[in-house]
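Architecture at a glance
The lines below spell out each chain.
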Amino acid sequence: MNEPPHIGHLIKEELDRQGRSVTWFAAQLQCSRQNVYGIFENQWIYTDTLWKICQIMDFDFFELYSNCHQKMKTTSKT
């Protein structure tokens, strides 16, 4: 079975792509920069936190999970 995407790494990649700083992101999440670095290291995240991150960054991280699920379904049929 394929592993789900490492959401922390994907959040960091998207933050970099958008040209946003960790300081900006921490302020938006109302947490410390240290907590943000912890998010980047986590392979999973609570859905309510991910929902908030999606809104802050205007990016649908849930779609990444959905795409992974669809790919796994397609791979298992072959």
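It should be emphasised that the depicted structure is a prediction, and the values quoted were computed from it without experimental measurement. (Residues numbered from 1 in each chain as written. Predicted model: local features only at pLDDT ≥ 70, side-chain atom pairs only at ≥ 80, totals over all residues. Heavy atoms only, no water.)

1. Remarks on the environment of Tyr 46
Secondary-structure assignment places Tyr 46 in the loop between helix H3 (33–41) and helix H4 (47–57). Here Tyr 46 falls in the exposed class, since its relative accessible area comes to 55%. (Helix = DSSP H or I, 4+ residues; strand = E, 2+ residues; numbered from the N terminus. Buried < 20%, exposed > 50% of the residue type's maximum accessible area, 1.4 Å probe, protein only.)

2. Section: unusual backbone geometry
Even without being a glycine, Gln 30 presents a positive backbone phi close to 60 degrees. Summarising the element assignment, Gln 30 is placed in the loop between helix H2 (22–29) and H3. Under the relative-accessibility criterion, Gln 30 is labelled exposed at 69%. Not every positive phi belongs to a glycine, and Asp 58 is a case in point at roughly 50 degrees. Within the secondary structure, Asp 58 sits in the loop between H4 and helix H5 (61–77).

3. Some thoughts on the pattern of salt bridges
Tallied over the entire structure, the rule returns 2 salt bridges. For Lys 12, the salt bridge identified is with Asp 16, shortest N-O distance 2.8 Å. Taken together, the residues Lys 12 and Asp 16, both in helix H1 (residues 7–17) and 4 residues apart, mark about one turn of the helix. Judged by its relative accessible area of 28%, Lys 12 falls in the partly exposed class. The partner of Arg 17 in a salt bridge is Glu 14, and the shortest N-O contact between them spans 2.6 Å. Taken together, the residues Arg 17 and Glu 14, both in helix H1 and 3 residues apart, mark about one turn of the helix. Taking relative accessible area as the criterion, Arg 17 reaches 61% and is therefore assigned exposed. (Salt bridge = Lys/Arg side-chain N within 4 Å of Asp/Glu carboxyl O.)

Such coordinate-based values are descriptive only and should not be taken to indicate function.
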